[in-house]
Amino acid sequence: MLTINNSIFYEENRQLFLDKETGNFFIKLGELGNSVSTFQISQQKTEDDTFANFVLSDKKIKIYEVKRKSNRFIPFLISFFVIQKAIIKNDFVYIYFPGPICKVIALLCIFYQKPYGLYIRGEQGIESKLSQIILKKAKTIFTISPSFTQKMSKYNKDTQTIRPMMGFEETDIVTNRTVDFKETVKMLYVGRLVFDKGLFELLDALEILKERGYNIHLNLVGSGIDFNNLVLCIKQKMLEENVTFFGMVSDKDRLINIYKESDIFVLPTYHEGFPRVLYEAMMMQIPIVTTFVGTIGYLMKDQLNCLELIPKNSESIVNQIEKLINNPDLAQSLANNGLETIIYYLKDKKINHAEQLDQFIKKFYES
């Protein structure tokens, strides 16, 4: 089986790295008896790439790698020939979708009449004419939410929703948590530190809340290319004492403690599929404020298990945070309902992504 992740690999000291959840997915596929290989372009790992913390090189996975250098055209040209070799040598291709390279690979699978499946992670360009052809030709489609599954089913009947790819399990669920806004209210963001996650609007909101007299603090978990810009913005707004950077947190127990020590989870993102951090926040029984982009609105309901944010709008963040601080009963209700939402959602999703795909593969080749 050839797996195609839609993000690049990172190289450091002759080792290749990628994100932990994807890496574990590859490993689990191998443990289920599949011969797993993967293809991707790689580039040098930097200090900002701490989210890529899974070492791929020492695992029993065949790697088709093309190094990205100063000239970007040549690696893409080489990739076009390398990926064809990989497609021909494998029995089944599983593609993370959408993404420009992933679309090309899907078209090559169609050309070589190689069976392939798709893992739909986002909505950008998903309903274009080209994407529709790729969706229809796929042998199976897995999606990150029931909403995506419903949309994709009109193109391909063999579509199903996966269990969320996250490090938390049902045994990690927090129950009987009491919302208690102490002297300092701690907001929490978990994810990539990039512009389109709405982090600069979040800092604007933090500044306004501070000016209005709220004793408030922001915890940021993650890394990304806008870390230095965020640090500069924090200095300009004189918020150094109001923000803590935790960096990328890979240890589950430490991340759980950060959730437990925070009071409000904030996700002001511009676009998403369905982010795993919302599953995590509901499991931690913490009140949530979030935008409703992508398929977030399928599970998250304003005034029921969260408060809705307007994208790219700092005043919306201010208003919703104030609403929670001034109404702890509402915050407790949102946290409780979020917990009920995730428990019910996971009720019929007992097997993981790798097991679901493996079941399909075995059924496909037995028929």
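Residues numbered from 1 in each chain as written. Predicted model: local features only at pLDDT ≥ 70, side-chain atom pairs only at ≥ 80, totals over all residues. Heavy atoms only, no water.

- The chain is annotated in an unreviewed UniProt entry as Glycosyl transferase family 1 from Chryseobacterium piperi.

**Describing the UniProt feature "domain: Glycosyl transferase family" (unreviewed entry) in the chain**
Thought 1: When the UniProt feature table is mapped onto this chain, "domain: Glycosyl transferase family" (unreviewed entry) is found at residues 182–338.
Thought 2: Taken end to end, residues 182–338 comprises 43% helix and 18% strand; its first and last C-alpha atoms sit 21 Å apart. (UniProt positions renumbered as here; feature names shortened; annotations may be inferred. Helix = DSSP H or I, 4+ residues; strand = E, 2+ residues; numbered from the N terminus.)

**Brief notes about the domain arrangement of the chain**
Thought 1: Domain parsing of the chain yields domain 1 (2–163 + 349–366) and domain 2 (170–347).
Thought 2: Just the C-alpha atoms count here: the centres of domain 1 and domain 2 sit 30 Å apart.
Thought 3: In this assembly, 19 residues from domain 1 lie in contact with 18 residues from domain 2.
Thought 4: In this assembly, domain 1 packs against domain 2 so that about 1600 Å² is buried in total across both faces, 50% of it on carbon and sulfur atoms.
Thought 5: Summed over the shared surface of domain 1 and domain 2, the result is 2 salt bridges.
Thought 6: Arg163 is paired through a salt bridge with Glu170; the nearest N and O atoms lie 2.7 Å apart.
Thought 7: Counting residues per element, the side of domain 1 that touches domain 2 draws most heavily on helix 5 (residues 146–153), which supplies 3 residues.
Thought 8: Considered class by class, the residues forming the side of domain 1 that touches domain 2 number 5 nonpolar, 7 polar and 7 charged. (Domains from an automatic or database assignment. Contact = heavy atoms within 4.5 Å. Buried area = accessible area lost by both parts, 1.4 Å probe. Salt bridge = Lys/Arg side-chain N within 4 Å of Asp/Glu carboxyl O. Nonpolar A, V, L, I, M, F, W, Y, C, P; charged D, E, K, R; others polar.)

**Comments concerning unusual backbone geometry**
For residues that are not glycine, phi is negative in most cases, and the peptide bond is trans in most cases.
Thought 1: Of note, the bond from Phe97 into Pro98 is cis; its omega dihedral lies within 30 degrees of zero at 5°.
Thought 2: Tracing the backbone through its elements, the reader meets Pro98 in the loop between strand 7 (93–97) and helix 3 (100–111).
Thought 3: Phi at Asn13 is positive, roughly 50°, even though this residue is not glycine.
Thought 4: Although it is not a glycine, Gln113 sits at a positive phi angle of roughly 55°.
Thought 5: On the basis of relative accessibility, which here comes to 71%, the residue Gln113 falls in the exposed class. (Buried < 20%, exposed > 50% of the residue type's maximum accessible area, 1.4 Å probe, protein only.)

**Thoughts on the packing of aromatic side chains**
Thought 1: Inspection of the entire model under this criterion finds 19 aromatic pairs.
Thought 2: Measuring from centroid to centroid gives 5.7 Å for Phe80 and Phe81, while their planes differ by 80°, and the two rings are edge-to-face.
Thought 3: Residue classification places Phe80 among the partly exposed residues on the basis of a relative accessible area of 37%.
Thought 4: Between the aromatic rings of Phe168 and Tyr259, the centroid separation amounts to 5.9 Å while the plane-to-plane angle is 70°, which identifies the pairing as edge-to-face. With Phe168 in the loop between strand 10 (159–161) and strand 11 (185–190) and Tyr259 in helix 8 (residues 252–261), this residue pair connects regions lying 91 residues apart in the sequence. (Phe/Tyr/Trp six-rings, centres within 6.5 Å; stacked < 30°, edge-to-face > 60°.)

**A closer look at the side chain of Ser79**
Thought 1: With respect to the helices, strands and loops of the structure, Ser79 is situated in helix 2 (residues 73–89).
Thought 2: When near neighbours in sequence (up to four residues on either side) are disregarded, Ser79 contacts Phe39, Ile41 and Val66.

**Re the sheet that holds strand 14 (residues 264–267)**
Thought 1: Strand order in the open sheet made by the 6 strands is 13-12-11-14-15-16, with parallel pairing throughout. On the outer flanks of this sheet lie strand 13 (243–247) and strand 16 (307–309), each paired with one strand and no other. Averaged over all pairs of adjacent strands, the angle between strand axes in this sheet comes to 25°, irrespective of strand direction.
Thought 2: One ladder, built from 3 bridges, connects strand 14 with strand 15 (residues 288–291); its direction is parallel. (Pairing = 2+ DSSP bridges. Axes fitted to C-alpha atoms, helices over the stretch in contact; angles between N-to-C directions.)

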